[in-house]
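# Residue-level structural notes
One-letter residues, chain by chain:
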Amino acid sequence: MREPKESWRKVAYDLRPAKQVERRMLLDTMQMLSLAGFHISEYQYTGFGSIYFVDFILFHKLLGIHRLLSVEISEKIEKRVNFNKPFDCVDILIKPIGDVIPTLSPDRKHFLWLDYDTIVNSDNLSDILLATTYLTPESLLLITVDVEPPGEEGDGPRQWRAYFREEAEPYLGSATEVRHYAKDSLPRINIQIIEKAIKKGLTGRSDVEFLPLFNFLYADGHQMLTIGGMIGSKAERRRIEGSRLIETDYIRLDLSKEPFIIKVPNVTRKERLHLDSNMPCSDTWETEEFEIPPDDLAAYSQIYRFFPAYAELLL
Amino acid sequence: MTNKNANAYPKKRFFLEMFTRDISLEDCILDLIDNSIDALIRSRHIDILSDLLNPVSSDESVSSNKQWQTLPTITVSFSDKEFRITDKCGGISPEAAQAEVFNFGHSNDFSGSLGQLGAYGIGLKRAIFKIGNHFDMESTTTTGGFKVSIDVKEWSKKDTKISDWTIPLELTKGVKTLTRAGTSIKIRDLRPEVCMRINDGSVEGILHTKIAQTYALFLERYVRIYLNNQVVQPETMVLGQSEEIQVGKDQFDEKSPEGVVTVILIAGLAARTPKNTWPLSSAGWYVLCNGRVVVAADKTDLTGWGAGLANFHYKYRGFKGFAFFFSENPLLLPWTTTKRGLNRESPVYQRARNRMVGLSKPVVTFLNDMYPSEVSEEIAEREIAEKAVATNINRVAANPSKGFGVVRKKSAPKTTVQIAFQSEKDDVARIKKCVREPSWSAAKVGEYTFEHYLRMECPE
Ligand SMILES: C[S@@+](CC[C@H](N)C(=O)[O-])C[C@H]1O[C@@H](n2cnc3c(N)ncnc32)[C@H](O)[C@@H]1O
């Protein structure tokens with residue numbers, strides 16, 4: 001058995017700005033889905049709260065989700081997880097998520113976030129397959145994985161291909177040549193693998209399909225990919241297409257399109273205030289006050305609503 | 001422009017020579033048994049879905065004498081001269097014989113109920129063609145019967161018009177009681193390869209095992225099968241269950257315009273053998289269509305191993321699962337025509353396979369925890385596994401749907417410690433002599449002296 005990667009040692013999850021932007025975009029989407037008639041506050045949220053529970057705190061406080069289940073694979077932090085549980089309505093299970101997914105209630109709608117901080121492996125893919133096997137119609141599924149090259153320093157596409165053959169053989173499709181595994185292609189390879197695992201779980205379920213919503217690529221250090229969407233029928237598709245979601249920059253209704261890149265530009269507090277006072281801005285707007293590369297300005301205008309402000313707090 | 005029609009006729013030779021190649025002799029014989037059991041289902045009004053998995057009540061249990069006498073029988077016997085199968089399962093009506101039974105496949109406007117196990121309408125013909133050149137068949141119901149006698153070689157020579165595709169029947173009278181109604185098929189002039197197989201002596205053993213396994217849910221409950229005069233006992237279908245172990249169960253209906261398929265999945269730990277082991281050979285998934293075993297002890301990607309689940313490994317030998325597919329329309333079931341495999345393209349099978357993976361996950365996790373180093377079993381898991389009692393599948397199937405789970409009772413902290421030490425053999429012998437117990441083992445001597453010291457020197 002593969003040992004769980006102990007990322008809870010490494011990073012304070014709440015201080016990763018791109019990840020925080022992603023979480024806030026998710027919140028934004030959930031609000032739009034609520035407006036489109038999906039009762040998000042009645043959904044059950046199942047995720048990996050680890051010891052910080054950032055996602056749980058946000059979803060409970062801002063979306064009113066009150067059925068919350070945090071699953072943690074590492075028995076070593078069982079007490080810590082329980083100690084840090086933020087609300088009484090959070091349930092905790094110390095188990096691999098694959099053992100839990102089949103037991104998710106068929107009488108509820110679910111919001112399941114498989115927020116791995118590791119490179120995709122066969123266990124993850126089987127979790128994804130199970131998710132789309134069991135999740136009820138109208139449920140939301142999100143998958144986050146690390147899309148850096150697998151393996152050792154000094155490895156190249158040939159070794160990376162070997163890794164994916166080992167872990168994801170049934171999902172590689174036509175990606176057979178070494179050249180398909182160049183570093184720049186790895187996010188695309190991951191998207192294809194995850195999409196195939198999603199489809200596999202849905203085979204035989206004639207009533208529903210996977211309706212994509214998210215395809216994010218971002219880096220707070222490591223490059224991460226998040227794929228997400230709804231398990232739904234034609235009716236849900238129509239509701240989504242009739243909502244504000246379709247005119248939202250970061251939404252991806254089709255996974256073959258390029259991912260939305262969450263880029264958090266480096267700007268000072270003073271610069272932010274100035275930029276914000278001009279937002280939303282047209283594509284041609286520029287600022288005379290200070291130098292800012294056009295790319296950064298464009299990125300800023302796409303994420304400013306979701307950009308966290310950090311300040312030191314003496315407690 | 002001129003238009004012509006190309007010939008697209010069936011040819012008898014195809015059915016005689018090609019059609020019989022993809023199926024083993026044993027499976028052909030099972031096809032004939034399927035037909036007998038179908039007659040039983042029809043005549044005794046057995047509801048496969050609701051009856052088969054019902055817990056066996058005590059008055060129909062195997063040992064009960066009353067049932068013993070009255071079970072309908074199927075008798076299979078063969079030598080290198082002749083093959084025979086005779087049943088008392090209710091028979092085939094002359095109407096069905098005339099309209100349907102000898103067709104190759106069911107016709108579009110066939111309105112009668114398809115056989116629940118027969119399904120494809122080819123088993124009888126394929127079995128006859130596979131086995132020999134001459135067959136006699138006789139069947140009686142309570143309303144009427146028929147007789148047939150055919151030389152297959154002669155019959156196949158005439159093959160020019162569609163009217164050559166008929167078989168002469170002699171209609172006969174019915175019998176008075178249902179218990180006497182049945183069908184008998186006798187095949188003579190066996191094909192050389194069949195004679196060879198029969199003479200090499202392996203067929204009977206294989207067939208015995210296959211019948212015991214394939215009809216495990218029917219044998220000694222609805223029917224008794226004799227193979228060359230020996231009663232075939234069912235291979236029991238059991239799982240390990242206890243207060244601590246909850247066997248996993250899942251159930252769903254797959255609906256389509258052609259009908260409903262009910263899928264019941266059960267997975268958990270196998271029961272331990274009397275030697276307290278889990279035999280590797282019987283581990284894996286068993287797939288049953290309308291109660292008939294189609295795939296046994298599967299450890300391949302067909303049932304999710306290496307495709308959602310980890311590859312099957314020796315340490316998973318404690319895994320056992322049963323996947324039941326039921327439908328009144330047997331064509332919706334995912335079996336192949338030989339009933340030895342699954343049709344991978346079937347949507348209901350694909351959906352079931354994903355859920356078989358889900359149901360198996362926690363069992364696999366348990367077994368992983370049990371063999372962390374793969375050398376020895378972890379104590380806590382082993383104790384749980386050992387306490388499991390073999391429980392019949394019918395009992396387990398009555399459980400509500402729930403994932404596999406283990407309730408770990410906090411075991412009382414250990415209060416004992418092991419003492420081991422070396423002693424001079426002479427000294428041990430002296431003590432034995434002193435206490436006049438020459439047969440004691442060295443360990444017993446050690447225990448005795450320890451207790452003696454405790455009693456004499458350390459009063460409470
Ligand atoms: C990236 S963190 C989750 C962060 C959280 N979603 C957030 O937004 O703050 C990943 C956690 O999931 C746990 N984990 C990883 N794989 C798991 C699995 N298969 N089952 C259960 N927990 C898992 C890890 O041990 C780790 O504590």
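All of these numbers come straight from a predicted model, not from anything done at the bench. (Residues numbered from 1 in each chain as written. Chains lettered and ligands numbered in written order. Predicted model: local features only at pLDDT ≥ 70, side-chain atom pairs only at ≥ 80, totals over all residues. Heavy atoms only, no water.)

## Here's the deal with the overall build of chain B
Across its full length, chain B carries 14 helices and 17 strands. Its C-alpha radius of gyration of 29 Å places chain B more than 25% over the 23 Å reference for a compact globule of 460 residues. Taking all 460 residues of chain B together, the buried fraction comes to 49%. Of the accessible surface of chain B, which amounts to about 24100 Å², a share of 52% is contributed by carbon and sulfur atoms. If you average the places of the 60 positive and of the 55 negative side-chain charges in chain B, the two averages end up 2 Å apart. (Helix = DSSP H or I, 4+ residues; strand = E, 2+ residues; numbered from the N terminus. Rg over C-alpha atoms; globule rule 2.2 N^0.38 Å. Buried < 20%, exposed > 50% of the residue type's maximum accessible area, 1.4 Å probe, protein only. Areas by Shrake-Rupley, 256 points an atom, 1.4 Å probe, with all protein chains shown as cover. Lys, Arg positive; Asp, Glu negative; His and termini not counted. Charge placed at Lys NZ, Arg CZ, Asp CG, Glu CD.)

## Here's the deal with the overall build of chain A
Of regular secondary structure, chain A possesses 10 helices and 8 strands. Considering chain A as a whole, with its 315 residues, one finds that 51% of them fall into the buried category. Put simply, 70% of the contacts in chain A that link residues at least 6 apart link residues at least 24 apart. Looking at chain A as shown, the accessible area adds up to about 15600 Å², and 49% of this sits on carbon and sulfur atoms. Considering chain A, the positive charge centre built from 39 side chains and the negative charge centre built from 49 side chains are found 3 Å apart. (Contact = heavy atoms within 4.5 Å.)

## Thoughts on the site of the ligand
Residue and element names in this part refer to chain A. Surrounding the ligand, one finds 18 residues, the nearest of these being Phe 48, Asp 55, Glu 72, Ile 97 and Asp 115. Contact distances for the ligand include 3.1 Å between an oxygen atom and a side-chain N or O atom of Arg 23. A distance of 2.7 Å separates a nitrogen atom of the ligand from a polar atom in the side chain of Asp 115. Partitioning the shell around the ligand into residue classes produces 9 nonpolar, 1 polar and 8 charged. (Near = heavy atom within 4 Å. Polar contact = N/O pair within 3.5 Å; in protein donor to acceptor, adjacent residues only side chain to side chain. Nonpolar A, V, L, I, M, F, W, Y, C, P; charged D, E, K, R; others polar.)

## A short note on the interface of chain A and chain B
If you look at the interface, chain A gives 18 residues, while chain B gives 17 residues. Of the roughly 1400 Å² buried at the junction of chain A and chain B (both faces included), carbon and sulfur atoms supply 51%. Contact with chain B buries surface across chain A, with Asp99(A), Tyr134(A) and Gly204(A) losing the most and accounting together for 31% of the total. If you look at where chain A meets chain B, you find 0 salt bridges. Summed over the shared surface of chain A and chain B, the number is 7 residue pairs in polar contact (both at pLDDT 80 or more). Mapped onto the side of chain A that touches chain B, the elements with two or more residues apiece are helix H4 (97–100), helix H5 (122–134) and helix H7 (186–202) of chain A. (Buried area = accessible area lost by both parts, 1.4 Å probe. Salt bridge = Lys/Arg side-chain N within 4 Å of Asp/Glu carboxyl O.)

## Overview of the packing of aromatic side chains
Tallying each qualifying case throughout the model produces 32 aromatic pairs over all chains. Seen from their ring centres, Trp305(B) and Phe319(B) are 5.2 Å apart, and the 85° between their planes marks the pair as edge-to-face. Here Trp305(B) is found in the loop between strand E14 (292–298) and strand E15 (319–326), whereas its partner Phe319(B) is found in strand E15, with 14 residues between them in sequence. Here Trp305(B) and Phe319(B) have matching classes, each one buried. Here the aromatic residues Tyr45(A), Phe53(A), Phe56(A), Phe59(A) and Phe111(A) are joined through ring pairs into a cluster of three or more. Positioned over the ring face of Phe38(A) is Arg239(A), at 3.9 Å from the centre of the ring. Note that Lys299(B) overlies the ring of Phe312(B), its terminal NZ or CZ placed 5.7 Å from the centroid. (Phe/Tyr/Trp six-rings, centres within 6.5 Å; stacked < 30°, edge-to-face > 60°. Lys NZ or Arg CZ within 6 Å of the ring centre and 35° of its normal.)

## Quick word on the pattern of salt bridges
Under the criterion given, the structure shown has 30 salt bridges over all chains. Here Glu195(A) ties to Lys199(A) by a salt bridge, and the two come within 3.6 Å at their closest N and O atoms. On the criterion of helical spacing, the pair formed by Glu195(A) and Lys199(A) is a turn pair, its members being 4 residues apart in helix H7. The class of Glu195(A) is partly exposed, set by a relative accessible area of 26%. Lys387(B) is paired through a salt bridge with Glu244(B); the nearest N and O atoms lie 3.5 Å apart. Placement of Lys387(B) in helix H11 (residues 379–387) and of Glu244(B) in the loop between strand E9 (238–241) and strand E10 (245–246) is noted, with a sequence separation of 143 residues between them. Through salt bridges that share partners, Asp31(B), Asp34(B), Arg126(B), Arg292(B) and Lys339(B) make up one connected network.

## Quick notes on the sheet that holds strand E3 (residues 90–94) of chain A
All names here are of chain A. Taken in spatial order, the 8 strands make up an open sheet running E3-E2-E1-E4-E5-E7-E6-E8, and their pairing is mixed. The sheet is open, and its two edges are formed by E3 and strand E8 (260–262), each paired on a single side. Taken over all neighbouring pairs, the strand axes of this sheet differ in orientation by 15° on average, direction set aside. H5 contacts strand E4 (110–119), strand E5 (140–146) and strand E7 (222–232) of the sheet and is inclined by roughly 170° relative to E4. (Pairing = 2+ DSSP bridges. Axes fitted to C-alpha atoms, helices over the stretch in contact; angles between N-to-C directions.)

## Quick word on the domain arrangement of chain A
Residues and elements named next belong to chain A. Taken domain by domain, chain A consists of domain 1 (7–262) and domain 2 (269–306). For domain 1 and domain 2, the distance between their C-alpha centres works out to 30 Å. With 8 residues of domain 1 at the contact, the number on the domain 2 side is 4 residues. Summed over both partners, the interface of domain 1 with domain 2 buries about 590 Å², with 63% contributed by carbon and sulfur atoms. Taken as a group, Val 21, Arg 24 and Asp 28 account for 49% of the area that domain 1 buries against domain 2, more than any other trio of residues on that side. At the junction of domain 1 and domain 2, the tally comes to 1 salt bridge. Between Arg 305 and Asp 28 there is a salt bridge, with its nearest N and O atoms 2.9 Å apart. Inspection of the region where domain 1 meets domain 2 yields 1 residue pair in polar contact (both at pLDDT 80 or more). (Domains from an automatic or database assignment.)

## Examining unusual backbone geometry
In the segment running from Met279(A) into Pro280(A), the intervening peptide bond is cis, with an omega of -10°. Its location among the elements puts Pro280(A) in the loop between helix H9 (269–277) and helix H10 (294–303). The backbone of Glu220(B) sits at a positive phi, close to 60°, despite the residue not being glycine. Along the chain, Glu220(B) turns up in the loop between helix H9 (203–214) and strand E7 (224–227). A positive phi angle is found at Asn290(B), which is not glycine, with a value near 45°.

## Let's talk about the state of the cysteines
By definition, a disulfide links the sulfur atoms of two cysteines through a covalent bond. All names here are of chain B. If you walk through the whole model with that rule in mind, you get 0 disulfides over all chains. As a non-bridged cysteine, Cys 289 has Cys 28 as the owner of its nearest cysteine sulfur, 18 Å distant. Residue Cys 289 is classed as buried on the basis of its relative accessible area, which comes to 0%. (Disulfide = S-S within 2.5 Å.)

## Some details on the packing of H5(A) against H7(A)
All names here are of chain A. Between H5 and H7, the least distance of the axes is 7 Å, while the angle of their chain directions is 40°. Comparing the axis directions of H5 and H7 gives the class oblique. In the packing of H5 onto H7, the handedness of the crossing is right-handed. Across the interface between the two elements, Leu 125, Ile 128, Leu 129, Thr 132 and Thr 133 of H5 pack against Ile 193, Ile 194, Ala 197, Ile 198, Lys 200, Gly 201 and Leu 202 of H7. Classifying every residue of the contact of H5 with H7 gives 8 nonpolar, 3 polar and 1 charged. (Parallel < 35°, antiparallel > 145°, perpendicular 65-115°, else oblique. Left-handed = near helix turned anticlockwise from the far one by under 90°.)

## Regarding the environment of Gln159(A)
All names here are of chain A. Along the chain, Gln 159 turns up in helix H6 (residues 157–168). Here Gln 159 falls in the partly exposed class, since its relative accessible area comes to 40%. C-alpha of Gln 159 to C-alpha of Leu 141: the two residues are 18 residues apart in sequence and 30 Å apart in space.

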